[in-house]
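Notes for the structure review
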Amino acid sequence: MPPSPHSDAPAYAPRNYLNAPETGLRSWLTTRDHKRIGVMFLVAVTVFFAVGGIFALLIRIKLLTPQPAMMSALTYNRLFTLHGVVMIFLFMIPAIPSGFGNFLLPLMLGAKDVAFPRLNLLSFYVYLAGAAVALFGMIHGGADTGWTFYTPYSTSTTTDVVPILLGAFILGFSSILTGLNFIVTTHTLRAPGMGWMKMPLFVWSIYATSIIQILATPVLGMTLLLVAVEHAFGWGIFDPARGGDPVLFQHFFWFYSHPAVYIMVLPAMAVISEVVCTFAHKNIFGYKAVAYSSLGIAFVGFFTWGHHLFTSGQSAFDAGIFGILSMFVAIFTAIKVFNWTATLYRGSISVKAPFVYFVGFLFFLVFGGMTGVALATVSLDVDWHDTYFVVAHFHFIMVGGVIMAFLAALHYWFPKITGRTYPEGWALVAAVMVILGFNFTFIPQFLLGNMGMPRRYYAYPERFQALNVASTAGASVLGLGLLIALVYLLVSLRYGPVAGPNPWHSRGFEWNTPSPPPPENYEETPVITRGPHEYDDEPAALPPAAAHEPEHAS
Amino acid sequence: MQASPLAHHFESLDKQAHAARLAMWIFLATEVLLFTALFAAYSVYRFLYPEGFVQSSRAIETWIGFVNTLVLVTSSFTVATGYGHASRGDGKRTALFFGLSVLLALVFLGFKAVEYTHHFQEGQLPGPYYRFEGVKAPGAPLFFALYFLITGLHAFHVVVGMTVLIVVGVLAFRGRYTVAYHVPVENAALYWHLVDLIWIFVFPLIYLI
Amino acid sequence: MNELMQRLLFLPEQASEHARAVDHLHYFVILTTLVASAGVFGTLIWFVVRYRRRAEGEPTPRVAPRAVHEVLFVGVPLALFLLWFAIGFPMFVDLQVPPKDAMDVYVQGKQWMWKFAYPDGPSSLDVLRVPAGRPVRLLITSRDVIHSFFVPALRLKQDALPGRYTQTWFTADRPGHYEVLCAQYCGLSHSSMRAELWVMPAAEFDEWFEQQRRGLARAQDSSPLPAEPVPAGSSLVRQGERVAAEQGCLKCHTVDGSRHIGPTWLDLYRKEERLSNGKTVIADEAYLTRSMMDPGAEIVAGYQDVMPTYQGKLSPPEAAAVVEYIKSLRTSAIRAGPSQPPAYAPIPAQ
């Protein structure tokens, strides 16, 4: 019985990308199917998320006590460095774009694959290569410089910096290849009838992400290479004894790394746009605003890097420019926040796990984002810079924002990717634990920053202990919630009830395929007549997005 | 007849060629940004150590840089000619001109090798190996560190470009490309032009001013 | 109100006017953030309740924004953020402009301790004494990697950069002891690189300062921290002596007071020298280091510009050692005035 998007009976598509055209390890490792590549990325980034998370837990456990204990200072310094490196380069940057972006982009555009399938596979292997080099460095002790590699410490430390730097350099190429592929795909493979203003908002944000990826990553690559060369050969670009300027490194580094945070956040926003529309069963409130604000974030985000250097001795004039521009970049996020919230007005809201994660996301993004703007007032940053206030701020966005979105995406598209559903009850339990645990982990860190506890402190003054203990307690709850989610998701892979093509009754274009989708996505290219997420017609009407249904010969 | 190069997810050869071209331009943009980082470092230090940088620039041999510029520009010209032949379906001539470009690139590298040998003898080396006595003002070791980084990275791209030209040239010789579809030749030519263009910036920046 | 907010936000004491001003901005920012978050979140929850799904597949109206919505979405946050900036940025500018009569203190960060030196005064390790109620300007540098001088009670922070001086200033209101922390990760013992700011009543400070000047040239206020890897003063001095000989410094600089190609090093430290451009300078650590790295920049009057640069030839610890060696070359002679050039015709520059 061929699966039909019209019928209500859930059906598991018998011929899908998981078992066609071939099965077996070799067929996966040599695949050109963007869906398989996306799944492989998801598996890889989840593994590294666990690694980075274990480092975080070890750090939090050490910080239960203010004195030196449990591990040496050197080990601690390595732990926070590797936590940052693994989380940022091996998880946050690739997770949503290379995982979900790969899987969904062609489906959402009505295409059969991305523009360059072999390049896509290459991007996965480059990712693995970079991960291998970085892992090699970690096993040999790893760097102790912090993920920011500030010179001259990073060029003079005796720990194994070079493999980590080279690993990150290689990972950068994976990022560039993915970005390149997505931009060309968006330009050239949209289904007939899909003008730019009919594209799913997910695509807009991924597109903006890709632009940042291709423009910013090469600069980081070069910068890390310069540090590696200086560390290995002493060429003195950043060495003050040879006339170099260590602050120049900071400028180069943050020129990439600030846009990098938008590489992390824009895909999260991409997910949220989709989740909000589906679970409110409603069109997005301001399509153009949300679409263009993604581009706005990408553009303005390139000009704000100096707000990481307010205490570095740069001039007040520079500080002023960077401060004001930082204010502007926040406005684009505000636009999205208001539009998402307004989308709920007169909607038909179903509070399932993805939506619960959206609720958490919204609060954390608003609060965390505004603390970011507070930092950009410059004088407040003089007090907060390099304290736990900043740590709390970026974790609010990275974990409270991006990870919530990642979890929302995992739950939302689980049926599409696997053809099965997860247990909603357990999902709600995990979501609540994650959100509560998160609050208890990071709100104390804002207060620690207020008290004056600097970052990267192995031992700390006694008076900071109570809040540190609270933070660790929260982290345990957060970790447990994540673990629960991992367990039921893994179990559901095998034993979850069949989902059918569209369990959420979403009008997103990707839901017009069977679950899981066939290898070629669409037998015939669909013709698009309406925009995504249009819910203002009667339920019995045809799904408006595709005029041709994929017909399977019986 | 060779099999159609059309991939299953593109609706026409035209679209596919357009996609490949767009991808190439984006990739070239990333290459430009790679070098921009180095040029930015060079500019900053030039601003901080004007005397030292000017004196260091005088201390290297401008004539080699000039000759290399001529060599590389000529190789770009031969590449463009080769592409012209490909667009008319003449794979063999494409291969010939690409081969010429590769030879010119070898000449370029040869001159660079000579130049580097001079630097080595004079002690104009980066970092702790710097022994050159000819520049009084501070900043000279930085000049040479950046000199080797920029020209070294450029030479690496020359080698990559040569490889691309050889591969595409051989395929063109074997008749792989037609009038209808010769985008790889176009992309190879574009890459080589970028390599040349970067040198056009390197030469005045390092040798002339 | 201030008290209450301070407690709620876990803020440390406010040891200066600037700290109080920063805290007031902080309260404004946090309160508006909480109001905004509550507003957005409250609206969200209300919508979720009010518009919860009642039947599967029920259609929803197509709601499109009017221009006024987007104008508000942009305008309100922008106005708020610019207001924050308008309050916060002038405070930062203020920190960049120390008052003319501020007392200078040199701060040197090195792995993993803080050293303080007063022009014409003592130097100390890990304790910075300042008078209450008088502006103090800090001239901060580092001997090795980047550190950051952070005093939470003053809401003050400035990075310590190697090869450069950065500055900041403060006026501590009243006497007290405040913690100084290093806020830029600098290696193994980053978290134990702490110091103490002793704000003393002004009269007491003046008395202490005079005492120090009359007494020893260097005063150690506190014993070094337990995990301190820095070698004791004498071996650094001997190291500097060795470096000076190896690098050829002693070819032009004598150590016994006799005039030669370069100024003699005897009693050079803290001497007031007149430069060829007419200005005077105190030959402190900064000047001595600069002279080694960029000798042509500030030449003592009467001497020729023949000294080569040692940039690249001396590592930072070696340069520091040479400076320590120079510092050790002091007699009890009263400093007679700027260095006098040699009597014979100097060797012309090539």
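Described below are features of the structure shown in this document. (Residues numbered from 1 in each chain as written. Chains lettered and ligands numbered in written order. Predicted model: local features only at pLDDT ≥ 70, side-chain atom pairs only at ≥ 80, totals over all residues.)

In terms of helices and strands, chain A carries 15 helices and 0 strands. Computed over the C-alpha atoms, the radius of gyration of chain A is 23 Å, within 12% of the 24 Å expected from 2.2 N^0.38 for a compact globule of 554 residues. Referenced to the eigenvectors of the C-alpha coordinate spread, the extents of chain A come out at roughly 75 × 45 × 45 Å. Looking at chain A as a whole, 68% of its 554 residues qualify as buried. For chain A, the proportion of contacts with a sequence separation of at least 24, taken over those separated by at least 6, is 84%. (Helix = DSSP H or I, 4+ residues; strand = E, 2+ residues; numbered from the N terminus. Rg over C-alpha atoms; globule rule 2.2 N^0.38 Å. Buried ≥ 20, exposed ≤ 12 C-beta atoms within 10 Å, placed from the backbone. Contact = placed C-beta atoms within 7 Å.)

With that out of the way, let us pick up the overall build of chain B. Summing up its helical and strand segments, chain B has 6 helices and 0 strands in all. The secondary structure elements of chain B, listed N-terminal to C-terminal, are α-α-α-α-α-α. Put simply, chain B has 209 residues, and 40% of those count as buried. Nonlocal contacts in chain B, meaning residues at least 24 apart in sequence, comprise 76% of its contacts between residues at least 6 apart.

What follows is about the sheet that holds strand β10 (residues 194-200) of chain C. Residue and element names in this part refer to chain C. What the 5 strands build is an open sheet, ordered β4-β10-β9-β6-β7; its pairing is mixed. Both edges of this open sheet fall to β4 (127-131) and β7 (156-160), since each of them pairs with a single strand only. Strand after strand, the sheet turns through a mean of 20° between neighbouring axes, direction not considered. (Pairing = 2+ DSSP bridges. Axes fitted to C-alpha atoms, helices over the stretch in contact; angles between N-to-C directions.)

Below, the discussion takes up the interface of chain B and chain A. Counting from both sides, the interface comprises 26 residues of chain B and, opposite them, 29 residues of chain A. Where the side of chain B that touches chain A is concerned, the elements lending two or more residues are α1 (13-48) and α5 (140-173) of chain B. Of the residues forming the side of chain B that touches chain A, the biggest block, 15 residues, is contributed by α1(B). Looking at the side of chain B that touches chain A, its residues break down into 19 nonpolar, 6 polar and 1 charged. (Nonpolar A, V, L, I, M, F, W, Y, C, P; charged D, E, K, R; others polar.)

Opposite the 78 residues of chain C that make contact, chain A presents 81 residues. Counting residues per element, the ones that place at least two in the side of chain C that touches chain A are α2 (17-50), α3 (67-96), β6 (147-151), β7 and β9 (176-182) of chain C. At 17 residues, the largest contribution of residues to the side of chain C that touches chain A is made by α3(C). Considered class by class, the residues forming the side of chain C that touches chain A number 45 nonpolar, 22 polar and 11 charged.

All names here are of chain C. If you trace the 5 strands from one edge of the open sheet to the other, you get β3-β2-β1-β5-β8, paired in mixed fashion. Looking at strand neighbours, the two that pair on one side only are β3 (123-125) and β8 (166-171), the edges of this open sheet. Looking at each pair of strands side by side, their axes are set apart by 25° on average, direction ignored. Pairing of strand β1 (residues 103-110) with strand β2 (residues 113-117) involves 5 bridges; the strand directions are antiparallel.

A few words now on helix α3 (residues 73-109) of chain A. Structural remark: α-helix, 3.6 residues per turn; residues separated by three or four positions point the same way. All names here are of chain A. A rise of 1.5 Å per residue sets the reference length of α3, with its 37 residues, at 54 Å; its end C-alpha atoms lie 51 Å apart and thus fit the reference within 8%. Of all the bends in α3, the largest measures some 60° and sits at P94. Following α3 by one or two positions, G110 adopts a phi angle in the positive range, close to 80°. (Expected span 1.5 Å × (residues − 1). Bend = angle between axes of the 7 residues up to and from the residue.)

Bringing the packing of α2(C) against α3(C) into the picture now. All names here are of chain C. As a packed pair, α2 and α3 sit with axes 10 Å apart at the nearest point and diverge in direction by 170°. The orientation of α2 with respect to α3, classified from their angle, is roughly antiparallel. In this structure, α2 uses H18, A21, V22, L25, V29 and T32 to contact α3, whose residues at the interface are L80, W84, I87, G88 and M91. The residue inventory of the contact of α2 with α3, partitioned by class, reads 8 nonpolar, 3 polar and no charged. (Parallel < 35°, antiparallel > 145°, perpendicular 65-115°, else oblique.)

Let us now look at the nonpolar core. Grouped together as the largest cluster of nonpolar side chains are 311 residues, with contacts concentrated most on V271(A), A405(A), A408(A) and L146(B). Of all the elements, helix α8 (residues 246-279) of chain A adds the most residues to this core, at 23 residues. When residues are assigned to domains, this core turns out to be shared by domain 1 (2-50 + 63-96) and domain 2 (103-214) of chain C, each giving three or more. The contacts of L146(B), once residues within four sequence positions are left out, are L38(B), A41(B), Y42(B) and Y45(B). (Core = buried A, V, L, I, M, F, W, Y, C linked by C-beta atoms within 7 Å. Domains from an automatic or database assignment.)

Further remarks concern unusual backbone geometry. Excluding glycine, most residues fall at negative phi; most peptide bonds, likewise, are trans. At the junction of T151(A) and P152(A), the peptide bond is cis and its omega measures out at -5° in the coordinates. By the secondary structure assignment, P152(A) is in the loop between α4 (117-139) and α5 (153-156). Across the junction of S515(A) and P516(A), the peptide omega takes the value -15°, indicating a cis bond. Along the chain, P516(A) turns up in the segment after α15 (465-495). Positive phi, close to 70°, is recorded for V378(A), a residue that is not glycine. Within the secondary structure layout, V378(A) lies in the loop between α11 (353-375) and α12 (379-384). Residue V378(A) is classed as buried on the basis of its C-beta count, with 26 C-beta atoms lying within 10 Å. Positive phi is not limited to glycine here, since F10(C) has a value of about 60°.

What follows deals with α8(A). Residues and elements named next belong to chain A. An ideal rise of 1.5 Å per residue puts 50 Å on 34 residues; α8 measures up with 50 Å between its terminal C-alpha atoms. At W254, α8 shows its largest kink, close to 30°. Buried residues dominate α8, accounting for 33 of its 34 residues. Where α8 ends, the next residue or the one after it, H281, has phi of about 50°, a positive value.

A word on the pairing of β8(C). All names here are of chain C. For β8, the tally of buried residues reaches 5 of 6 residues, placing the bulk of the element in the interior. Here 6 bridges tie strand β5 (residues 135-142) to β8, and the two strands are oriented antiparallel to one another. The residue of β8 that forms the bridge with L139 is Q167.

α1(B) packs onto helix α7 (residues 201-233) of chain A with a crossing angle of 40° between their chain directions and a minimal axis gap of 8 Å. On the basis of the axis angle, α7(A) is oblique to α1(B). Both α7(A) and α1(B) take part in a crossing whose hand is right-handed. Judged by residue contacts, I214(A), L215(A), P218(A), V219(A), G221(A), M222(A) and T223(A) of α7(A) engage I26(B), A29(B), T30(B), L33(B), L34(B), A37(B) and L38(B) from α1(B). (Left-handed = near helix turned anticlockwise from the far one by under 90°.)

On to the environment of A153(C). Residues and elements named next belong to chain C. Positionally, A153 belongs in the loop between β6 and β7. The spacing of A153 and Q14 is 139 residues in sequence and 5.4 Å in space, taken between C-alpha atoms. For A153, the contacting residues outside a window of four places in its chain are P12, E13, A15, A19 and Y178.

In short, geometric facts, not functional conclusions.
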